[in-house]
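# Coordinate analysis (summary)
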Amino acid sequence: MPGLKRFNYVEAIVSESRDRFNQGLVDTICEDGALIVEDALSVDQVTEIVTEMQPYIDTTPHGLHGLEHSRRVGALVARSQASHRAIAHPAVLHVCDQILGYQVREGKEVRITQTPRGEGRYPWRVGLTQIIDVGPGQKKQGVHRGNGLWVHDLAGDRLDPQIETMWALTDFTVENGATHVIPGSHRWPDVMQGHDEKGTRTWLGEVDQESVQATMRAGSVLIWTGWTVHGAGTNTSNERRIGMNIDYSLSFLSQEENQFLSCPPNVARSLSEEMRRLIGYTQGGGALNYFADCLRPKVALEEGYDVMVPGAHGMEVEGK
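Residues numbered from 1 in each chain as written. Predicted model: local features only at pLDDT ≥ 70, side-chain atom pairs only at ≥ 80, totals over all residues. Heavy atoms only, no water.

### Focus: unusual backbone geometry
- For Gln103, which is not a glycine, the phi torsion comes out positive at approximately 50°.
- Within the fold, Gln103 resides in the loop between α6 (90-101) and β4 (104-105).
- Take Gln103: its relative accessible area is 1%, and that puts it in the buried class.
- Even without being a glycine, Cys294 presents a positive backbone phi close to 60°.
- Relative to the assigned elements, Cys294 resides in the loop between α10 (273-279) and α11 (314-317). (Helix = DSSP H or I, 4+ residues; strand = E, 2+ residues; numbered from the N terminus. Buried < 20%, exposed > 50% of the residue type's maximum accessible area, 1.4 Å probe, protein only.)

### Considerations on the side chain of Gln162
- In this fold, Gln162 is placed in strand β7 (residues 162-168).
- Classification of Gln162 as buried rests on a relative accessible area of 2%.
- Here Asn147 takes part through its side chain, which lies 3.1 Å from a polar atom of the side chain of Gln162.
- Those residues within four positions of Gln162 in sequence are excluded, and the remaining contacts are Leu100, Gly146, Asn147, Leu149, Trp150, Thr225, Gly226, Asp247, Tyr248, Ser249 and Glu256. (Polar contact = N/O pair within 3.5 Å; in protein donor to acceptor, adjacent residues only side chain to side chain. Contact = heavy atoms within 4.5 Å.)

### Observations regarding the sheet that holds strand β11 (residues 212-213)
- In space, the three strands of this open sheet follow the order β11-β8-β13, with antiparallel pairing throughout. Only two strands of the sheet have a single partner each, and these edge strands are β11 and β13 (230-231).
- Sheet topology places strand β8 (residues 180-181) next to β11; two bridges connect them, and they run antiparallel. Along β11, the bridge assignment pairs Val181 with Val212. (Pairing = 2+ DSSP bridges.)

### Overview of the side chain of Ser220
- Mapping Ser220 onto the fold places it in the loop between β11 and β12 (221-225).
- A polar contact is formed between the side chain of Ser220 and the backbone oxygen of Arg217, at a distance of 3.0 Å.
- Among all residues touching Ser220, those that are not within four sequence positions of it are Ile36, Val37, Glu38, Asp39, Met166, Trp167 and Ala168.

These values are about where atoms sit, not about what they do.
Below, the structure is given as structure tokens:
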């Protein structure tokens, strides 16, 4: 089983080879379904995220998601200003725009015959923000694909609906349960099954042994497609493994984490325009995502807007 290809963000910036770096990311995602970008954030930036989220981590019980020694904590956009650097990281956004927006596969753009605005590009947004804190003694998570959450045969629709990321906020090692990934599994023909080298169909539980672990130092990010088979590893160490899972999905699909509840208008109005767009405070195309009196989502961010006040839609009519 081949290992995961690695790219270094700092080296790409210093050498001014951003275009070649970006192209390498997209080509590798198309070929392997997963990759690691090292040094995407500095140690200080990672520390800031953990510091901002620590009170929420400490007060969250273990096992809420069925993992006995793990804690999962969401609402990062609202709770951690420092996390925005990761959520809107240029390397990740470029991969999302190519794989989700333009549905690039095998290095070529898939012909999109119709999109909401006729631009030949699908709109996409953040679907999940979550700290995953894996404690000592946590057993290995079963390998799986993320795209199953919509309970629909998206493979039959020939779409790439989701890009997932895992940021290392502490070093990811074999001992503390670094994420397992099966490179090339995004090419397997259906959600629950794969094929071994002889072409024999096997269940995911039987291919678990084919995985490689995404060991990486803090500040690095693992990027993979929603079709790529993956799962958290066993933590046999005495330390906690803290990662940050940020996922992005096509805008016409429901978000795994409801960003409008995790970051309501009274909080979202203080965000940058880019962050508002990323979590969905915009119309993804056509009539999708309007509210109340056919209003655009940004109206809800206006100071003083109250949906219960008759005539409140006048704020948009007046161009405010």
